Amino acid sequence: MASVITEPFSCDTFVALPPATTGSRIIFGKNSDRPSDEVQEIVYFPAASHGPGEKVECTYIEIEQAPETYAVVLSRPSWLWGAEMGANEHGVCIGNEAVWGKEEVCDDEALLGMDLVRLGLERANTAEKAVGVIVDLLDKYGQGGNCMESHMAFTYHNSFLIADRKEAWILETSGKYWAAEKVEEGVRNISNQLSITTKIEREHPEIRNYAISKGWWDGKKEFDFAATFSYVNTARMTTTRGRYCEGYKLLKKHEGTITAETMMAILRDKESGINMEGGFMTTGSMVSILPQETSLPCIHFFTGTPDPDRSVFKPFIFVPNITQLLKTSSPVFGPEDPVKKQPRFQTKRDRRHELYRKHESAALVMESSKEKGDMILERIRKLEKEKIKEMEHILQNRSLDADQAVNLFSNCTDDEIQAYATTTTFCPGW
């Protein structure tokens, strides 16, 4: 690989638990910040059974398949196997972040952090079990490989925020070493830095001896994971300006009244840098409502398009017989995909799905005409508010119609495309 990108481009993942939220719900949210020309797709995979000895081909390597995999909905860069964020049928949500520190990043092809997100969702029915799945896979296969569709190398360690109806876990890694923190109430976020300090519920069995051997910890003072494995001053993490700090402040500002709409507003915040612009930008966003009452459905909102401030959060609910999400699924190129051919990444394919193309045309209109741009924004915000209201009605009145939920996300995608079409038909290439 040619050269290594070391700037801390990353994402932000958030969770709010009662009493920080309203309605006895856990609210999960994530922005995926990726190269601005990268397409993020929303895809669904049903639950499946697998025979003995079966393998699964991840982005770069093949690993042993699990006997059973759960149904998942994923928001992922369309060139790879894993996902930046997603949820499964049991209400488990996972988002990951790029992190760097003292431990050298591995360029060798192994499991991407995004592969671990999908594997955790497919194989675990609780947040705590997902921690176990990820660390076991990390120990067996390692993490590494280019995280960008380019001959330029972009590699990093990974941190994860994992939530379910009951609790959340932060899992942070440095090479094969890791620490995990349990979150049972209040608010928590992760960004592009290690953030677990001394509150550690689980850890790699050799992590402390390794830290001593490297001269990073004296074995006497209290073990602080972030202070040991990164260059961050952990005493200043929540007071210095930066995305981790700004995200924490936004959560604390709304603590006690956080809803799905609150989380969407946080993900749309540009002043804080959470809604990122530039060469790296927010290319996809997710917000999930996880009711603590298990008789109520979990509701997962995805954009599938860049810049949440100009996108629609569309609801998805797991029910039997969900149809494929065709208009947010990118083209598939099989063995001829430049990601699969060696050497990799010699060319790029057009991976834009239908919603992405329509949104792209609408974005051009927004930038060229304030009047038409305002019309588009008004239409898509109205659509989003209607869908949020419908979802709230389902939760309040326990009125889920499974037959309607089968096409819930797809129908909302159609409505979004229609909202763009009414004001962008004059655009070249439309």
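Refer to the preceding data block for the structure.
Since the structure is predicted, the reported quantities are computational estimates derived from the model, not experimental observations.

About the cut-offs
- Throughout, residues of each chain are indexed from 1 in the direction in which the sequence is written.
- Totals for whole chains, interfaces and linings use every residue, but because this is a predicted model, local features are given only for residues with pLDDT of at least 70 and side-chain atom pairs only at 80 or more, for both listing and counting.
- Think of the side-chain values as coming from all heavy atoms in the structure, minus any hydrogens and water.
- Strands are treated as partners if at least two bridges between them are detected by DSSP.
- In this text, helices come from DSSP runs of H or I with a minimum length of four residues, and strands from runs of E with a minimum of two, each type numbered from the N-terminal end.
- Angular values range over 0 to 180 degrees, each being the angle between N-to-C directions of two axes fitted as lines to C-alpha atoms, with helices fitted over their stretch in contact.
- Here, two residues are considered to be in contact whenever any of their heavy atoms come within 4.5 Å of each other.
- Think of a salt bridge as a Lys or Arg side-chain nitrogen and an Asp or Glu carboxyl oxygen that are within 4 Å of each other.
- Three exposure classes are used, based on accessible area relative to the maximum for each residue type with a 1.4 Å probe and protein chains only: buried under 20%, partly exposed in between, and exposed over 50%.
- Aromatic contacts are taken between Phe, Tyr and Trp rings whose centres are within 6.5 Å, Trp giving its six-membered ring; a plane angle under 30 degrees counts as stacked, one over 60 as edge-to-face, and the others as tilted.
- Think of it as a cone above the ring: NZ of Lys or CZ of Arg counts as a charge over the ring if it is within 6 Å of the ring centre and within 35 degrees of the ring normal.
- By this rule the span expected of a helix is its residue count minus one, scaled by 1.5 Å.
- Reported orientations rely on four angle classes, namely roughly parallel under 35 degrees, roughly antiparallel over 145, roughly perpendicular from 65 to 115, and oblique for the rest.
- Take the far helix as your reference; a near helix turned counterclockwise from it by less than a right angle gives a left-handed crossing, and one turned clockwise gives a right-handed crossing.
- Three classes are used, and their members are as follows: Ala, Val, Leu, Ile, Met, Phe, Trp, Tyr, Cys and Pro are nonpolar, Asp, Glu, Lys and Arg are charged, and the others, Gly among them, are polar.
- Each polar contact in these results corresponds to two N or O atoms within 3.5 Å; when the atoms are within protein, one needs to be able to donate a hydrogen and the other to accept it, and residues that are neighboring in sequence are counted only if both atoms are side-chain atoms.
- Side-chain atoms within 4.5 Å are what join buried Ala, Val, Leu, Ile, Met, Phe, Trp, Tyr and Cys residues into a set we call a nonpolar core.

Draft legend 1. Structural context of the sheet that holds strand β16 (residues 280-291). Taken in spatial order, the six strands of this open sheet run β14-β1-β2-β16-β17-β18, and their pairing is antiparallel. A single partner strand is all that each edge strand has here, and the edge strands are β14 (186-190) and β18 (314-316). Going across the sheet, the axis of each strand differs from the next one's by a mean of 15°, ignoring polarity. Note that strand β1 (residues 12-17) and β14 share five bridges and pair antiparallel. Bridge assignment links Val 15 to a residue of β14, and that residue is Arg 188. Taken strand by strand, helix α8 (residues 370-397) contacts β2 (25-35), β16, β17 (299-302) and β18, and its axis lies near 170° from that of β17.

Draft legend 2. Representation of the pattern of salt bridges. All chains considered together, the criterion is met by 38 salt bridges. Among the ionic pairs, Lys 30 bridges to Glu 97, the shortest N-O distance being 3.6 Å. Of the two residues, Lys 30 sits in strand β2 while Glu 97 sits in strand β10 (residues 93-99), which places them 67 residues apart along the sequence. Comparing Lys 30 with Glu 97 shows no difference in burial state: the two are buried. Within this structure, Lys 270, Glu 277, Asp 307, Arg 310 and Glu 367 form a network of salt bridges that share partners.

Draft legend 3. Expanded view of the packing of aromatic side chains. Within the structure shown, the criterion is met by 15 aromatic pairs. Each ring, one from Tyr 210 and one from Trp 216, has its centre 6.0 Å from the other, and the planes form 85°; the classification is edge-to-face. Aromatic pair Phe 316 and Phe 318: ring centres 4.9 Å apart, planes at 80°, arrangement edge-to-face. Phe 318 carries the same exposure label as Phe 316, and that label is buried. Aromatic ring contacts, followed pair by pair, group Tyr 177, Tyr 210, Trp 216, Phe 225 and Phe 229 into a single cluster. Across from the ring centre of Trp 81, 4.0 Å away, lies the NZ or CZ of Arg 118, which sits over that ring.

Draft legend 4. Highlighting α8. The end-to-end C-alpha distance of α8, which contains 28 residues, comes to 40 Å, matching closely the 40 Å that a straight helix rising 1.5 Å per residue would cover. When we look at burial in α8, the residues that qualify are Gly 373, Ile 376, Ile 380, Leu 383, Glu 384, Lys 387, Ile 388, Met 391, Ile 394 and Leu 395. Arg 398 lies just past α8 and shows a positive phi near 50°.

Draft legend 5. Spotlight on the packing of helix α1 (residues 113-123) against helix α2 (residues 127-141). The N-to-C vectors of α1 and α2 enclose an angle of 130°; their axes lie 9 Å apart at closest approach. Considering the angle they form, α1 stands oblique to α2. Read as a crossing pair, α1 and α2 show a hand that is right-handed. Residues Leu 116, Leu 119, Gly 120 and Arg 123 of α1 form the contact with α2, whose own contacting residues are Ala 130, Val 133, Ile 134 and Leu 137. Per-class residue counts for the contact of α1 with α2 are six nonpolar, one polar and one charged.

Draft legend 6. The arrangement of the side chain of Thr 305 in detail. Structurally, Thr 305 can be placed in the loop between β17 and β18. Of note is the side chain of Thr 305, whose polar atom sits 2.7 Å from the side chain of Ser 311. Those residues in contact with Thr 305 that lie beyond four places of it in its chain are Thr 283, Gly 284, Ser 311, Leu 355, Tyr 356, His 359 and Glu 416.

Draft legend 7. Fine view of the nonpolar core. Counting residues in each nonpolar core, the largest one holds 70 residues, and the members touching the most others are Val 73, Phe 223, Phe 225, Phe 229, Val 287, Phe 301 and Phe 316. A per-element tally of this core places helix α6 (residues 260-267) first, with five residues. In this view, Val 73 contacts Ile 42, Val 43, Tyr 44, Met 85, Gly 86, Ala 87, Phe 302, Phe 316, Phe 318 and Leu 325; residues no more than four positions away in its chain are not counted. Core analysis: the second largest hydrophobic core is formed by 46 residues, Leu 74, Trp 81, Ala 130 and Trp 178 among them.

Draft legend 8. Quick look at the pairing of strand β12 (residues 168-174). The buried fraction of β12 amounts to seven of the seven residues, a majority that puts the element mostly inside the structure. The side-chain alternation of β12 yields two buried faces, one formed by Ala 168, Ile 170, Glu 172 and Ser 174 and the other by Trp 169, Leu 171 and Thr 173. The pairing of strand β11 (residues 157-163) with β12 spans five bridges and is antiparallel. Its bridge partner lying in β12, Ala 163 is registered against Ala 168. Taken together, β11 and the strand that follows it, β12, pair antiparallel across an intervening segment of four residues. Both β12 and strand β13 (residues 177-183) contribute to a ladder of seven bridges, which runs antiparallel.

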